[in-house]
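# Remarks on the overall topology
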Amino acid sequence: MAIVVSYDRYEDLACEVVIFLDDETGDCFQVQRDLPQTPTSAATESAIYQISTGAGPAVEQGIVAWQRNGEEFEFALSPLASRMFGGNARLRFEARPGDGDTIEDIAAHLERMTRR
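Residues numbered from 1 in each chain as written. Predicted model: local features only at pLDDT ≥ 70, side-chain atom pairs only at ≥ 80, totals over all residues. Heavy atoms only, no water.

Across a regular strand the side chains alternate sides, sitting on one face of the sheet and then on the other. Of all 6 residues making up strand S7 (residues 72-77), 5 are buried, and the element is well covered by its neighbours. Bridge analysis of strand S6 (residues 63-69) against S7 gives 6 bridges, and the strand direction is antiparallel. The residue bridging Arg68 from the neighbouring strand is Phe73, located in S7. Turn length for the S6-S7 hairpin, with the two strands adjacent in sequence and antiparallel, is 2 residues, and the turn residue Gly70 shows positive phi of about 65 degrees. As paired strands, S7 and strand S8 (residues 90-97) are joined by 5 bridges and run antiparallel to one another. Residue pairing for S8: Glu74 is matched across the bridge by Arg92. (Buried < 20%, exposed > 50% of the residue type's maximum accessible area, 1.4 Å probe, protein only. Helix = DSSP H or I, 4+ residues; strand = E, 2+ residues; numbered from the N terminus. Pairing = 2+ DSSP bridges.)

Shown next, in the form of structure tokens:
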């Protein structure tokens, strides 16, 4: 099983997303966040991130903590968020970056997007 991780920014949808995708099953874990409405609002507004499986409703601020060790990402989920993953309170992915991304880039995006 290979987990591919990538970052995408969609100006037309006013959002950004980090996606961990199982390229064999199509299952995914997404961290998504709305983009600031104006360039100056980034400093004054803190957009709330959400997590999703790509199907069904997203859960706001569903990550309690996360860490990276090399190419492995581990997420501790809130009780509500864990229900999306069969009650699993922890998700762990050994990931390889998609085109144009590095693991360091992905970690930096996650840090910025999940900052409270």
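Next up on the list: the sheet that holds S6. Read across the sheet, 8 strands follow the order S5-S4-S3-S2-S1-S8-S7-S6 without closing on themselves; strand pairing throughout is mixed. Because the sheet does not close on itself, it has two edges, and the strands there are strand S5 (59-60) and S6.

Further remarks concern the state of the cysteines. Evaluation of the coordinates by the stated rule reveals 0 disulfides. Cysteine Cys15 remains unbridged, with the sulfur of Cys28 as its closest cysteine sulfur at 13 Å. Cys28 sits in the buried class, given a relative accessible area of 15%. (Disulfide = S-S within 2.5 Å.)

Attention shifts here to helix H3 (residues 103-114). With 12 residues, H3 extends 16 Å between its outermost C-alpha atoms, agreeing within 8% with the 16 Å of an ideal straight helix rising 1.5 Å per residue. Of the residues making up H3, those classed as buried are Ile103, Ile106, Ala107, His109, Leu110, Met113 and Thr114. Down the axis of H3, the buried set is contained in an arc of 160 degrees. They therefore lie on one face. (Expected span 1.5 Å × (residues − 1). Arc of directions from axis to C-beta.)

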